[in-house]
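Understanding the architecture of this molecule
As a plain string of letters, each chain reads:
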Amino acid sequence: MMLTAFLRTIVLYLVLTLVIRLMGKRQLGEMEPAEFVVAMLIADLAAVPMQDGGIPLLSGIIPILTLLGLQLLMAAGSLKWVWFRRLLCGKPVMLISEGKISVDALRRARITLDELSEHLREKDVLEIANVQYAILETNGQISVFPYPKYRPASAMDAGIQAEHQHLPITIITDGKILWDNLPLIQKDRDWLLSTLEHLGYPAKETLLLTVDSRGKVYHLPREGQP
């Protein structure tokens with residue numbers, strides 16, 4: 001009995017992981033209303049066969065896969081039809097426009113002035129008067145755009161020539177070599193072995209090794225290594 005419950009839990013865990021992966025990489029706070037409802041239903045459906053061994057496993061998996069199919073169809077419909085996307089997700093609401101708070105918009109969104117101030121503080125804005133636009137997005141987040149004079153100065157504003165950024169590519173992580181990443185930096189096996197020999201650390205003693213497009217190598221040995 002214990003072994004059966006153990007195996008059922010593993011199967012449901014794998015199914016749920018696959019389903020959430022297929023739904024897309026979103027944090028809970030970034031989900032659209034329809035996505036949040038599907039996630040909650042899937043969690044409830046998985047809990048029933050996990051707790052009750054008398055319920056066939058397929059009785060939990062089939063509804064979960066049905067919800068996944070429905071979610072994928074709704075996602076496809078949202079991409080194809082604007083009206084369908086607005087029906088499922090709504091549309092952004094302008095809470096502040098040109099420095100003026102829309103009381104009607106706040107009332108429709110059921111957001112109090114205290115909650116609005118809290119959201120602004122989360123964006124490092126202390127004064128509502130400094131905000132030119134504030135928009136309630138369809139995922140519940142509030143985008144805040146201060147007046148230009150209250151925004152942090154960028155390198156362009158300061159007249160500074162900023163250095164171009166180079167994305168580092170991970171080649172070794174926790175002692176494991178990611179061979180598929182070597183072509184991304186136009187390097188081969190011989191180059192990696194030569195680099196490790198020059199650094200004085202084999203791959204198994206390397207916690208992290210990254211290389212950017214300029215060829216700059218960052219190496220971090222495991223703890224306890226000299």
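**Notes on the pairing of strand S4 (residues 142-146)**
Only one face of S4 is buried, namely the one carrying Ile142, Val144 and Pro146, since none of Ser143 and Phe145 on the opposite face is buried. One ladder, built from five bridges, connects strand S3 (residues 131-136) with S4; its direction is antiparallel. Residue Ala134 lies in a different strand from S4, and its bridge partner there is Val144. Hairpin connection of S3 to S4: five residues between the antiparallel strands, including Gly140 at a positive phi of 95°.

**Quick word on the sheet that holds strand S2 (residues 100-101)**
Reading across from one edge, S2-S1-S3-S4 is the order of the four strands in this open sheet, with antiparallel pairing throughout. Every interior strand has two partners, whereas the edge strands, S2 and S4, have only one. Of the strand pairs in this sheet, strand S1 (residues 93-97) and S3 are connected by four bridges, and their pairing is antiparallel. Bridged to Met94 within S3 is Ile135.

**Here we look at the environment of Ala43**
With respect to the element layout, Ala43 can be found in helix H2 (residues 33-51). Judged by relative accessible area, Ala43 falls into the partly exposed class, the value being 42%. In this structure the C-alpha to C-alpha distance between Ala43 and Leu16, which are 27 residues apart in sequence, comes to 8.3 Å.

**Examining helix H7 (residues 189-199)**
Taken as a whole, H7 has its buried residues at Trp191, Leu192, Thr195 and Leu196. Across the axial projection of H7, the buried residues extend over an arc of 130°, all falling on one side. The exposed set on the far side of H7, more than 90 degrees from its buried face, consists of Asp190, Glu197 and His198. Residues of H7 that are buried in the fold lie against strand S5 (169-173), strand S6 (176-177), strand S7 (206-211) and strand S8 (217-221). Positive phi shows up at Gly200, right after H7, with a value of about 85°.

**Let's talk about a nonpolar patch on the surface**
Residues Leu7, Ile10, Tyr13 and Leu14 make up a contiguous nonpolar surface patch of about 410 Å² in total accessible area. Mapped onto the elements of the fold, Leu7 is located in helix H1 (residues 2-23). For Leu7, a relative accessible area of 45% puts it in the partly exposed group.

**Some remarks on a negative patch on the surface**
A contiguous patch of negative charge on the surface is contributed by Asp114, Glu115, Glu118 and Glu122. Inspection of the secondary structure puts Glu115 in helix H6 (residues 113-122).

**A word on the sheet that holds S8**
The strand order across the open sheet formed by four strands is S6-S5-S7-S8, and the pairing between neighbours is antiparallel. The open sheet has two edge strands with one neighbour each: S6 and S8. For S5 and S6, the ladder comprises two bridges, and the chain directions are antiparallel. Its bridge partner lying in S6, Thr173 is registered against Lys176. Those strands touched by H7 are S5, S6, S7 and S8, and its axis lies near 120° from that of S7.

**Quick look at unusual backbone geometry**
With the exception of glycine, most residues fall at negative phi, and the peptide bonds are largely trans. For Asp124, which is not glycine, the phi torsion reads 65° and is therefore positive. Inspection of the secondary structure puts Asp124 in the loop between H6 and S3. One non-glycine residue, Gln186, lies in the positive phi region at around 60°. Its place among the elements puts Gln186 in the loop between S6 and H7. Overall, Gln186 belongs to the exposed group, its relative accessible area being 74%.

Definitions and cut-offs
Residues numbered from 1 in each chain as written. Predicted model: local features only at pLDDT ≥ 70, side-chain atom pairs only at ≥ 80, totals over all residues. Heavy atoms only, no water. Buried < 20%, exposed > 50% of the residue type's maximum accessible area, 1.4 Å probe, protein only. Helix = DSSP H or I, 4+ residues; strand = E, 2+ residues; numbered from the N terminus. Pairing = 2+ DSSP bridges. Arc of directions from axis to C-beta. Contact = heavy atoms within 4.5 Å. Patch = residues over 30% accessible without salt bridge, like charges linked within 9 Å, V, L, I, M, F, W, Y side chains within 5 Å. Areas by Shrake-Rupley, 256 points an atom, 1.4 Å probe, with all protein chains shown as cover. Salt bridge = Lys/Arg side-chain N within 4 Å of Asp/Glu carboxyl O. Lys, Arg positive; Asp, Glu negative; His and termini not counted. Charge placed at Lys NZ, Arg CZ, Asp CG, Glu CD. Axes fitted to C-alpha atoms, helices over the stretch in contact; angles between N-to-C directions.

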